[in-house]
Amino acid sequence: MLTIGIEGRIEQTVDPAQSAAAIGSGLVDVFATPMMIALMERTCNESVVPYLDEGLTTVGTHIDISHTAATPIGMKVRCKSELIEIDGRRLVFSVAAYDEAGVIGEGRHERFIVHRDKFQSKANNKLQNQR
């Protein structure tokens, strides 16, 4: 059962493919902001999946994040999330990312609980309806 306070944690080492230069979000070899946000989304999602009924998943719908410090390639980063609000199918998380020197980003992330197959089918229908 989903409850306020569920926490998630993921740790990884920054590799060259996750740099701003590699993904095109900048020209420097540091952990890219989009990669930090992806780590945050993954951490939030994985924290609640074990509590969802079969066939359900969550999708990201809003993110309000600050990226405040650069992390070089080769350094470890870790992300921590906490479920702070449940409003029907809407879930709100507090999330923060750290490298070995301290906080690199933080903010809030919102996800919605959806029926995985129904959601995918609706998205795929866009292909059939395009002009």
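In what follows, the structure referred to is the one given above.
Residues numbered from 1 in each chain as written. Predicted model: local features only at pLDDT ≥ 70, side-chain atom pairs only at ≥ 80, totals over all residues. Heavy atoms only, no water.

Novice: Could you clarify how one ought to interpret the overall build of the protein chain in this entry?
Specialist: Counting its regular elements, the protein chain contains 3 helices and 5 strands. Starting at the N terminus and ending at the C terminus, the protein chain contains elements arranged as β-α-α-β-β-β-β-α. Of all intrachain contacts in the protein chain linking residues separated by at least 6 positions in sequence, the fraction that spans at least 24 positions is 65%. Surface summary for the protein chain: the accessible area is close to 8,000 Å², and the carbon and sulfur share equals 49%. In the protein chain, 14 side chains carry a positive charge and 17 a negative one; their mean positions are 7 Å apart. (Helix = DSSP H or I, 4+ residues; strand = E, 2+ residues; numbered from the N terminus. Contact = heavy atoms within 4.5 Å. Areas by Shrake-Rupley, 256 points an atom, 1.4 Å probe, with all protein chains shown as cover. Lys, Arg positive; Asp, Glu negative; His and termini not counted. Charge placed at Lys NZ, Arg CZ, Asp CG, Glu CD.)

Novice: Would you take a moment to explain helix α2 (residues 33–48) for this structure?
Specialist: Taking 1.5 Å per residue as the helical rise, α2 with its 16 residues ought to reach 22 Å, and the 23 Å between its terminal C-alpha atoms agrees with that figure. Met-36, Leu-39, Met-40, Thr-43, Cys-44, Asn-45, Ser-47 and Val-48 are the residues of α2 that are buried. Next to the buried residues of α2 lie β1 (7–13), β2 (56–67), β3 (76–87), β4 (90–99) and β5 (102–115). (Expected span 1.5 Å × (residues − 1). Buried < 20%, exposed > 50% of the residue type's maximum accessible area, 1.4 Å probe, protein only.)

Novice: Looking at this structure, how should I read the packing of aromatic side chains?
Specialist: For any pair of aromatic rings, geometry is given as the distance between the ring centres together with the angle between the planes. Summed over the entire model, instances satisfying the criterion amount to 0 aromatic pairs. In this arrangement the basic side chain of Arg-78 is found over the ring face of Tyr-98, its NZ or CZ atom lying 4.5 Å from the centre. (Phe/Tyr/Trp six-rings, centres within 6.5 Å; stacked < 30°, edge-to-face > 60°. Lys NZ or Arg CZ within 6 Å of the ring centre and 35° of its normal.)

Novice: Is there a simple way to explain the pattern of salt bridges in this structure?
Specialist: Any two side chains of opposite charge can pair, so long as their charged atoms come close to each other. Tallying each qualifying case throughout the model produces 9 salt bridges. Where Glu-7 meets Arg-9, a salt bridge forms, and the shortest distance between an N and an O atom there is 3.2 Å. In this structure, Arg-90 engages Glu-110 in a salt bridge whose closest nitrogen and oxygen atoms are separated by 2.8 Å. Of this pair, Arg-90 sits in strand β4 while Glu-110 sits in strand β5, and the two are 20 residues apart along the sequence. The residues Arg-90 and Glu-110 share a single accessibility class, namely buried. Three or more residues joined by partner-sharing salt bridges are found here, namely Glu-85, Asp-87, Arg-90, Arg-108 and Glu-110. (Salt bridge = Lys/Arg side-chain N within 4 Å of Asp/Glu carboxyl O.)

Novice: Could you clarify how one ought to interpret the pairing of β3 in this entry?
Specialist: The side chains of a regular strand alternate between the sheet's two faces. Strand direction decides the pairing type here: β1 and β3, joined by 7 bridges, are antiparallel. When the sheet's bridge partners are listed, Thr-13 is paired in β3 with Lys-76. Relative to β4, β3 is paired through 10 bridges, and the arrangement is antiparallel. In the strand pairing of β4, Arg-78 is matched with Tyr-98. The antiparallel pairing of β3 with β4 creates a hairpin that spans 2 residues between the two strands, and Gly-88 there sits at a positive phi of about 65°. (Pairing = 2+ DSSP bridges.)

Novice: Would you mind showing me how to read the environment of Thr-58 here?
Specialist: Looking at the element boundaries, Thr-58 is found in strand β2. Along the backbone, Thr-58 and Arg-108 are 50 residues apart, and their C-alpha atoms lie at a distance of 15 Å. A polar atom in the side chain of Thr-58 sits 2.4 Å from the side chain of Asn-45. Side chain to side chain, Thr-58 and Arg-111 meet in a polar contact 2.7 Å long. (Polar contact = N/O pair within 3.5 Å; in protein donor to acceptor, adjacent residues only side chain to side chain.)

Novice: Quick question: what am I supposed to make of the nonpolar core here?
Specialist: Generally speaking, a soluble globular protein has its nonpolar side chains buried in company with each other. Judged by nonpolar contacts, the single largest core of 21 residues is most densely connected at Leu-2, Phe-31, Val-48, Leu-83 and Leu-91. Within the residue set of this core, elements represented by two or more residues are α2, β3, β4 and β5. Here this core takes 5 residues from α2, the largest share from any one element. Sequence-distant contacts of Leu-83, defined by excluding residues within four places in its chain, comprise Leu-2, Thr-3, Ile-4, Gly-5, Ile-6, Val-48, Leu-91, Val-92 and Phe-93. (Core = buried A, V, L, I, M, F, W, Y, C linked by side-chain atoms within 4.5 Å.)

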